[in-house]
Amino acid sequence: MTSVLSDIDRQTIDTTDDTQFYESPRFVTHADEAFTTRLTALYDSEMKPGDRVFDAMSSWVSFLPESPLASVVGHGLNEDELEANDRLDTYFLQDFNSDQTLPLEENAFDVVCCALSVQYLQYPSDVFSEFGRILAPDGVAIVSFTNRMFPTKAIRAWRTRSMDERAALVDAYYKAGGFGETAFITAKPGSDPFYAVIGRAPPA
Ligand SMILES: C[S@@+](CC[C@H](N)C(=O)[O-])C[C@H]1O[C@@H](n2cnc3c(N)ncnc32)[C@H](O)[C@@H]1O
């Protein structure tokens, strides 16, 4: 697999285990309400009733639309946050910077969501390749971000890029992970800029 990042790109200021950093729950939102409302609208436009959703790098909120989904599997690093998330049917904890292999079946999901978190991935090509493996043909991954971050835990490649360059970086992650078409959405619904990159899994 193509590696998009060099070892320098992957560097974080805080090199302690991510599991320690996320040990205590944070019952906050990581973007303003205008951003999260825009994200829910985007999810709504991409999801169909009955879809199977994987919310990667989740917390106590998933920003999913009301539409009746078949199932929502969550993942994150803090159990109290995931336990409090009433949209998740099940969840698991896994440090993606230690282990990038998802304990999920291939072709098992229609949509993968990854909100406000992609900047923390040190091995994104492998994680995106796993997103592609678990998605059914033609399934979509929706990666969203703003300009906020935990700076000590965001990778150097993210910290040193502009917002548009970050979108291009996420596009490169999709390409390295074997995705086909990608689409970019940028908006300024409130004070936090809204960026999303959507990747489509190849057709059957
Ligand atoms: C800013 S929060 C965003 C959470 C959620 N998606 C949201 O929008 O509220 C970043 C999340 O990334 C996840 N995360 C950070 N580093 C991680 C890692 N090394 N492995 C897996 N997940 C990680 C944690 O679950 C953390 O809750």
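Overview of the structure. (Residues numbered from 1 in each chain as written. Predicted model: local features only at pLDDT ≥ 70, side-chain atom pairs only at ≥ 80, totals over all residues.)

A closer look at the overall build of the chain
Part 1 of the reasoning: Across its full length, the chain holds six helices and seven strands.
Part 2 of the reasoning: Along the chain direction, N to C, the helices and strands of the chain fall in the order α-α-β-β-α-β-β-α-β-α-α-β-β.
Part 3 of the reasoning: Against the compact-globule benchmark of 17 Å for 204 residues, the chain has a radius of gyration of 16 Å, which places it among compact chains.
Part 4 of the reasoning: Considered along the principal axes of its C-alpha atoms, the chain spans approximately 40 × 35 × 35 Å.
Part 5 of the reasoning: Burial analysis of the chain (204 residues in total) assigns 43% to the buried set.
Part 6 of the reasoning: Across the chain, contacts joining residues at least 24 apart in sequence account for 68% of those joining residues at least 6 apart. (Helix = DSSP H or I, 4+ residues; strand = E, 2+ residues; numbered from the N terminus. Rg over C-alpha atoms; globule rule 2.2 N^0.38 Å. Buried ≥ 20, exposed ≤ 12 C-beta atoms within 10 Å, placed from the backbone. Contact = placed C-beta atoms within 7 Å.)

Notes on helix H2 (residues 33-46)
Part 1 of the reasoning: The end-to-end C-alpha distance of H2, which contains 14 residues, comes to 20 Å, matching closely the 20 Å that a straight helix rising 1.5 Å per residue would cover.
Part 2 of the reasoning: Looking at the buried side of H2, the elements it contacts are strand E4 (109-115), strand E5 (135-145), strand E6 (182-187) and strand E7 (194-200). (Expected span 1.5 Å × (residues − 1).)

A few points about the pairing of E4
Part 1 of the reasoning: Of all seven residues making up E4, seven are buried, and the element is well covered by its neighbours.
Part 2 of the reasoning: For strand E1 (residues 52-56) and E4, the ladder comprises four bridges, and the chain directions are parallel. The residue bridging Phe 54 from the neighbouring strand is Val 112, located in E4.
Part 3 of the reasoning: One ladder, built from six bridges, connects E4 with E5; its direction is parallel. Bridge pairing in E5 links Val 111 to Val 140.
Part 4 of the reasoning: Of the crossover connections in this fold, the one passing from E4 over helix H4 (residues 124-134) to the parallel E5 is right-handed. (Pairing = 2+ DSSP bridges. Right-handed = clockwise from strand over helix to strand, strands pointing away.)

Details of the packing of H4 against helix H6 (residues 163-176)
When two helices pack together, you describe them by how their axes are tilted relative to each other and by the distance separating the axes.
Part 1 of the reasoning: Their axes nearest at 7 Å, the elements H4 and H6 cross at an angle of 60°. Here H6 runs oblique to H4, going by the angle between their axes. Note on packing geometry: the crossing formed by H4 with H6 is right-handed. Each of Pro 124, Ser 125 and Phe 128 in H4 lies in contact with H6, whose residues at this interface are Tyr 173, Tyr 174 and Ala 176.
Part 2 of the reasoning: Each residue belonging to the contact of H4 with H6 can be placed in one class, and the counts come to five nonpolar, one polar and no charged. (Axes fitted to C-alpha atoms, helices over the stretch in contact; angles between N-to-C directions. Parallel < 35°, antiparallel > 145°, perpendicular 65-115°, else oblique. Left-handed = near helix turned anticlockwise from the far one by under 90°. Nonpolar A, V, L, I, M, F, W, Y, C, P; charged D, E, K, R; others polar.)

Details of the pairing of strand E2 (residues 71-76)
Part 1 of the reasoning: Within E2, five of the six residues are buried, leaving the element largely enclosed by the surrounding structure.
Part 2 of the reasoning: Note that E1 and E2 share four bridges and pair parallel. Residue Asp 55 lies in a different strand from E2, and its bridge partner there is Gly 74.
Part 3 of the reasoning: As defined by bridge partners, E2 adjoins strand E3 (residues 90-93) across four bridges and the pair is classed as parallel. Bridge pairing in E3 places Gly 74 opposite Tyr 91.
Part 4 of the reasoning: Handedness of the crossover joining E2 and E3 through helix H3 (residues 79-84) is recorded here as right-handed.

Topic: the nonpolar core
Part 1 of the reasoning: If you look at the biggest cluster of nonpolar residues, it comprises 56 residues, and the most contacted ones within it are Val 112, Cys 113, Cys 114, Ile 142 and Val 143.
Part 2 of the reasoning: With sequence-adjacent residues up to four places away left out, Cys 113 is seen in contact with Tyr 43, Val 53, Asp 55, Ala 56, Ser 62 and Ile 142. (Core = buried A, V, L, I, M, F, W, Y, C linked by C-beta atoms within 7 Å.)

Brief notes about the sheet that holds E2
In a beta sheet, neighbouring strands are held together by backbone hydrogen bonds and run either parallel or antiparallel to one another.
Part 1 of the reasoning: Spatially, seven strands are ordered E3-E2-E1-E4-E5-E7-E6 in an open sheet, and the strand pairing comes out mixed. Two strands bound the open sheet, and with one partner strand each, they are E3 and E6. Put simply, the sheet's adjacent strands are angled 15° from each other on average, direction ignored.
Part 2 of the reasoning: Pairing of E5 with E7 involves six bridges; the strand directions are antiparallel. Opposite Val 143, over in E7, you have Val 197 as the bridge partner.
Part 3 of the reasoning: Contacts from H4 reach E1, E4 and E5, with the element oriented near 140° to E5.

What is shown is where atoms sit, not what they do.
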